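Per-entry structural report
So you can see what is in the structure, the chains are spelled out below.
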Amino acid sequence: MKLRLVNILNLNLVVFLIALSMSMVGSAQDTDKGQVKFLVDVDNGYFEIMIDDTMFLKLFKCDLELGKHSAKIWSPGYITNQVDFEVFKDSTTEVLVNMAISNERKQFEADYKSYRMDFHKSITIPGYTTLGLGLATTGFLIAAYDTRRQVYADIDSYNYSASYIDAVKFKSDVLANNQKYNRLRYTYYTFLGLTAASLGTTIYTSVKFKRNRKEPTFNPDSPFKTSSTLYISPFGVSWLINIG
Amino acid sequence: MRNLLYILIFLFALPSCLKKIDEVDEADKNIFDPTYDGDIWFEVDTIYLFTDQWNNEKVKFNYHILEERTPLLKPSQINLWIAVNDNNGFFAPAPLSTAGLYGGTFTQLPDGTTSYCVEIGVVTINGGDTLVYNQFTQCKDL
């Protein structure tokens, strides 16, 4: 085994034992060992296991020496749990580990919920309101333009009318469509004002929210981080020594 | 930020295009419109005495419809009702001339006056009823 010192305090000295990983897996089947399987009840799909304070696992099962062992299980957002179990020859010991949610996670969830509520109140709702008003405004704008074009067409038809019936009909159309046009453009003005007010509100609340609120984060450190451990993962085995 | 500026310019520039349509208020100058609100739409050009082939003295009237008061679509003639000095009126068509104008001529027996007032209205037949509307009167001396 060859150790290589990488740096001074707070740096990890890591030695990868790739060859050892192969030999350990192979030798485990040959000597007096049994298998243990951890059924860890967590909702994030991630957990770390420290067996006998020396062997660090990210796997849910491994081979161990026969006899009694102790394991500490940790998962982000859960209280570290300790379980004792016994490994028997040529059998698999299943260890069910119930994990309790930590107070930090509960606090984070409450904080995050509050953050999201404020986010919706400050950005989502004003934003969607502005979008809706903007779309409605655009709709009224298009309808007003369309009606305006129709009024001009009716005026042309009126000016071309060479009979009593046509003149009466097109005059009636001019007046009716002009009334509709005026109604639409006043509605457009109203919605334009509402859109502008909503846009201003959205900008104000967004800026205020970004200044006053910071998204909560939850990245708890593993309690096993500072240990000197045998690291076993699906990709190999390594020996981790943390200095400082 | 620039996109926001474009949106604001777009939103606030467009209302200027949605102004009141002033032409609607002017859409009452078609002489076929019973709610016509324009000025007199014809002109009596000349009124003069003449002696016909049977040696009878008569008064001759020449008139035309003002070009700007005729519809853009030109019918072959416009039917009119004409009365002189509040006497009984008569129907007369004003044909379209090659110059694109409507006008005509009619004669009356002189009534001893030197001033004649000509009243002309547009005639239409609507649902079996004959309507005379948009009458105006213009007086002229011999």
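The present account deals with the structure reproduced in this document. Since this is a predicted model, take the numbers as computed values, not measurements.

How each quantity is defined
Residues numbered from 1 in each chain as written. Chains lettered and ligands numbered in written order. Predicted model: local features only at pLDDT ≥ 70, side-chain atom pairs only at ≥ 80, totals over all residues. Heavy atoms only, no water. Helix = DSSP H or I, 4+ residues; strand = E, 2+ residues; numbered from the N terminus. Buried < 20%, exposed > 50% of the residue type's maximum accessible area, 1.4 Å probe, protein only. Contact = heavy atoms within 4.5 Å. Areas by Shrake-Rupley, 256 points an atom, 1.4 Å probe, with all protein chains shown as cover. Patch = residues over 30% accessible without salt bridge, like charges linked within 9 Å, V, L, I, M, F, W, Y side chains within 5 Å. Salt bridge = Lys/Arg side-chain N within 4 Å of Asp/Glu carboxyl O. 1 Å grid on protein atoms, 1.4 Å probe; cavity = no way out; pocket = protein on both sides within 12 Å on 5 of 7 lines; lining within 4 Å. Points joined across faces, edges and corners; volume = space filled by probe spheres on them. Core = buried A, V, L, I, M, F, W, Y, C linked by side-chain atoms within 4.5 Å. Disulfide = S-S within 2.5 Å. Polar contact = N/O pair within 3.5 Å; in protein donor to acceptor, adjacent residues only side chain to side chain. Buried area = accessible area lost by both parts, 1.4 Å probe.

This part takes up the overall build of chain A. Helices and strands together make up the secondary structure of chain A, namely three helices and 10 strands. Along its sequence from the N terminus, chain A presents helices and strands in the succession β-α-β-β-β-β-β-β-β-α-α-β-β. Residue burial in chain A is summarised as follows: out of 244 residues, 36% are buried. Once local pairs closer than 6 in sequence are excluded, the contacts in chain A between residues at least 24 apart make up 64%. Surface exposure of chain A reaches about 14700 Å², of which carbon and sulfur atoms provide 58%.

The next thing to look at is a nonpolar patch on the surface. Among the surface-exposed residues, Y128, L131 and L135 of chain A lie close enough to one another that they form a single nonpolar patch of about 370 Å² accessible area. Turning to its location among the elements, L131 of chain A is positioned in helix α2 (residues 103-160).

As a further point, take the environment of Q107 of chain A. Its location among the elements puts Q107 of chain A in helix α2. In this structure, the C-alpha to C-alpha distance between Q107 of chain A and F218 of chain A, residues 111 residues apart in sequence, is 9.8 Å.

Quantified by volume, the second largest pocket comes out at close to 160 Å³. Lining of the second largest pocket is provided by Y158 and N159 of chain A together with E26, K29, N30, E67, E68, R69, T70, P71, L72 and K74 of chain B.

Let us now look at the nonpolar core. Counting residues in each nonpolar core, the largest one holds 26 residues, and the members touching the most others are W41 and L80 of chain B. Excluding residues within four positions of it along the chain, W41 of chain B makes contact with I31, Y36, I65, L66, R69, L80, I120, G121, V122, N134 and F136 of chain B. Listed in part, the 20 residues of the second largest apolar core include F38, L57, A71 and V97 of chain A.

Attention now goes to the state of the cysteines. Residue and element names in this part refer to chain B. Evaluation of the coordinates by the stated rule reveals one disulfide over all chains. Between C117 and C139 runs a disulfide, and the two sulfur atoms are separated by 1.8 Å. With the S-S dihedral at roughly 105 degrees, the linkage between C117 and C139 falls on the right-handed side. Of this pair, C117 sits in strand β6 (residues 115-126) while C139 sits in strand β7 (residues 129-141); the two residues are 22 residues apart in sequence, bridging distant segments of the chain. Of the residues examined, C117 reaches a relative accessible area of 24% and is grouped as partly exposed. By relative accessible area, which is 45% here, C139 ends up partly exposed.

It is worth spelling out the environment of K29 of chain B at this point. Position of K29 of chain B relative to the elements: it lies in the loop between α1 (2-13) and β1 (42-51). When its relative accessible area of 24% is taken as the criterion, K29 of chain B is described as partly exposed. Each C-alpha atom of the pair K29 of chain B and T70 of chain B lies 9.0 Å from the other, and the pair is 41 residues apart in sequence. The residues touching K29 of chain B, leaving out its near neighbours within four places in the chain, are Y158 of chain A together with Y36, D37, G38 and R69 of chain B. Side-chain polar atoms of K29 of chain B contact the side chain of D28 of chain B, separated by 2.5 Å.

Interfaces are often sized by the amount of accessible area the parts lose when they come together. Contacts between chain B and chain A engage 30 residues on the former and 30 residues on the latter. Carbon and sulfur atoms make up 70% of the surface buried where chain B meets chain A, a total of about 2700 Å² over both sides. Counting the surface chain B buries against chain A, the share from its top three residues, L18, I21 and V24 of chain B, is 25%. Remark: the boundary between chain B and chain A carries one salt bridge. Between D33 of chain B and K171 of chain A there is a salt bridge, with its nearest N and O atoms 3.2 Å apart. The interface formed by chain B and chain A includes 14 residue pairs in polar contact (both at pLDDT 80 or more). Broken down by element, the residue count for the side of chain B that touches chain A peaks at five residues, all from α1 of chain B.

Another point: the pattern of salt bridges. A side chain of one charge can pair with a side chain of the opposite charge when the charged atoms of the two come close. For the structure on display, the rule yields 14 salt bridges over all chains. A salt bridge links K20 of chain B to D25 of chain B; the nearest nitrogen and oxygen atoms lie 2.8 Å apart. Taking the relative accessible area as the measure of exposure, K20 of chain B reaches 45% and is therefore partly exposed. Through salt bridges with shared partners, a single network forms among D43, R105 and E109 of chain A.

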